Amino acid sequence: MTDKRYGDKLIRLLRKEWAVAALFLAPSLIGFALFYLIPFAMGVLYSFQDHTVDGSFVGLDNYMAVQASDSFHKAASNTLLFTSVSVPLIIALSLLFAQVLNQKLFIRNWLQTAFVLPLVVPVASVVMLWQILFDWNGTLNVWLQNFNVERIDWMKSEWSIVVITMMYIWKNIGYNIILFLAGLQSIPKDYYETADIEGAGKFRKWFHITLVYLTPTMFFVILISIINSFKVFRETYMIAGEYPHDRIYMLQHYMNNMFMALDVQKLTAAAVLMVGCILIFVTTMLAIERRFRNFME
């Protein structure tokens, strides 16, 4: 009888806690549903119709039209190229700088401030800085001219993808360094001391201790870096406009142009395809990370 009373009391307590939690989460959940879930569901619905108002179901016609578009192919290939190049670069550089900042350096605080500072700089200020550097009459071209080198129209040439990659790394590397530093500092020092006693070298310690215990952080940083690589559209749009050089014409440019042309069907179809690819990649990454964690345990 006592156990039954205790069980009933526990159930009532859990229900009360769930009610309180739901009450506090309700504003965020309503906002998320109102501004994200419902618009995305409507977008998926529009992608299967021929019109947004009183439209008819057309199946996969909009998706086939997007797949047949040369502009979409160009945007998708450029986005894939940018992500596949910039993400490994920023991962390698942020891990390297995190290793450096994890040491006892007399300029450590200054370096941390320098890496984190771009995170708090507004996008407009970032764009202005890079325009000053890479404009036709910018600082870099003036330096080149002083060395008798012809000026380069950076944002209207093959160099544009390099400029955007540099800007992406400069803007986001600080956040990755913070995450890697937290992961490095969470590794117990006892493991390194034991490895020193056993005579392990720096490479073996880094490969068998640092890299192994940094793997969960690595997966998270890769996901965040990929998500941030899609946000580079803001800077690209502000620097190069809605029709940039072919090398930096991204998926976001394609969807933005479809929106300006009021072609909502192709816009939503392209957005659904992009979200689907991201979900597949994220699911794969999480499955790999889960298997690796189970293997380590």
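Residues numbered from 1 in each chain as written. Predicted model: local features only at pLDDT ≥ 70, side-chain atom pairs only at ≥ 80, totals over all residues. Heavy atoms only, no water.

Q: An account of the overall build of the protein is requested, with residue identities and associated values reported.
A: Secondary structure assignment for the protein yields 13 helices and 0 strands. Reading the secondary structure of the protein in the N-to-C direction produces α-α-α-α-α-α-α-α-α-α-α-α-α. Over its C-alpha trace the protein gives a radius of gyration of 25 Å, far above what one expects of a compact globule, namely 19 Å for 297 residues. Each of the three principal axes of the protein carries a C-alpha extent, and together these read 85 × 65 × 35 Å. (Helix = DSSP H or I, 4+ residues; strand = E, 2+ residues; numbered from the N terminus. Rg over C-alpha atoms; globule rule 2.2 N^0.38 Å.)

Q: Residues and numbers for the side chain of T268, please.
A: With respect to the helices and strands, the residue T268 is situated in helix 13 (residues 264–296). Dropping the residues within four chain positions of it, T268 is found in contact with G43, Y46 and S47. (Contact = heavy atoms within 4.5 Å.)

Q: So what about the nonpolar core? Which residues, and what values?
A: In terms of nonpolar packing, the biggest core is built from 58 residues, with I91, F180 and Y254 touching the most fellow members. Mapped onto this core, the elements with two or more residues apiece are helix 2 (61–67), helix 3 (70–101), helix 5 (123–134), helix 7 (160–185), helix 10 (215–230), helix 12 (251–260) and helix 13. Per-element accounting of this core gives the leading share, 12 residues, to helix 7. With near-sequence residues (within four places) excluded, Y254 lies in contact with V66, S69, S71, F72, A75, Y249, K266 and A270. (Core = buried A, V, L, I, M, F, W, Y, C linked by side-chain atoms within 4.5 Å. Buried < 20%, exposed > 50% of the residue type's maximum accessible area, 1.4 Å probe, protein only.)

Q: Any chance you could break down the packing of helix 9 (residues 202–213) against helix 10 for me, citing the residues and the numbers?
A: When two helices pack together, their arrangement is given by the angle between the helix axes and by the axis-to-axis distance. Taken N-terminus to C-terminus, the directions of helix 9 and helix 10 make an angle of 50°; their axes are 4 Å apart at the nearest point. The angle between helix 9 and helix 10 falls in the class oblique. On helix 10, the residues that touch L211, V212 and Y213 of helix 9 are T215, P216 and M218. Counted by class, the contact of helix 9 with helix 10 contains 5 nonpolar, 1 polar and no charged residues. (Axes fitted to C-alpha atoms, helices over the stretch in contact; angles between N-to-C directions. Parallel < 35°, antiparallel > 145°, perpendicular 65-115°, else oblique. Nonpolar A, V, L, I, M, F, W, Y, C, P; charged D, E, K, R; others polar.)

Q: I'd like a rundown of helix 11 (residues 233–240), residues and numbers included.
A: Note that an α-helix has 3.6 residues per turn; residues three or four places apart therefore point the same way. Taken residue by residue, helix 11 has F233, E235, T236 and I239 as its buried positions. With its buried residues spanning 165° around the axis, helix 11 presents them on a single face. In this structure, the buried residues of helix 11 make contact with helix 5, helix 7, helix 10 and helix 12. Backbone geometry just downstream of helix 11 places G241 in the positive-phi region, at approximately 85°. (Arc of directions from axis to C-beta.)

Q: Lay out the packing of aromatic side chains in plain terms, naming residues and giving numbers.
A: One pair of aromatic rings is described through two measures. These are the centre distance and the angle between the planes. This model, assessed by the stated rule, comprises 9 aromatic pairs. Judged by centre distance (5.3 Å) and plane angle (45°), the ring pair of F48 and Y63 falls under tilted. Here F48 is found in the loop between helix 1 (2–46) and helix 2, whereas its partner Y63 is found in helix 2, with 15 residues between them in sequence. Judged by its relative accessible area of 24%, F48 falls in the partly exposed class. Relative to Y168, the ring of F82 has its centre 5.6 Å away and its plane inclined at 70°; by these criteria the two rings are edge-to-face. In this pair, F82 sits in helix 3 while Y168 sits in helix 7, placing the two residues 86 residues apart along the sequence. Of the two residues, F82 and Y168, both sit in the buried class. By way of ring pairs, the aromatic residues W130, F134, W154, W159 and W170 are connected into one cluster. (Phe/Tyr/Trp six-rings, centres within 6.5 Å; stacked < 30°, edge-to-face > 60°.)

Q: Give me unusual backbone geometry: which residues, what numbers.
A: Within the chain, N148 stands out as a residue other than glycine whose phi angle is a positive 60°. On the secondary structure map, N148 appears in the loop between helix 6 (139–146) and helix 7. Using a relative accessible area of 74% as the deciding quantity, one classes N148 as exposed.

Q: Pulling in residues and values, what's your account of the confidence of the model for the protein?
A: For the protein, the mean per-residue pLDDT works out to 81, and 94% of the residues sit at or above 70. Mean pLDDT across the elements of the protein bottoms out in helix 4 (residues 108–120) (74) and peaks in helix 3 (89). (pLDDT = per-residue confidence, 0-100.)

Q: Which residues make up a nonpolar patch on the surface, and what values do they have?
A: Among the surface-exposed residues, F32, L34, F35, Y36, L37, I38 and M42 lie close enough to one another that they form a single nonpolar patch of about 750 Å² accessible area. By secondary structure assignment, the location of L34 is in helix 1. (Patch = residues over 30% accessible without salt bridge, like charges linked within 9 Å, V, L, I, M, F, W, Y side chains within 5 Å. Areas by Shrake-Rupley, 256 points an atom, 1.4 Å probe, with all protein chains shown as cover. Salt bridge = Lys/Arg side-chain N within 4 Å of Asp/Glu carboxyl O.)

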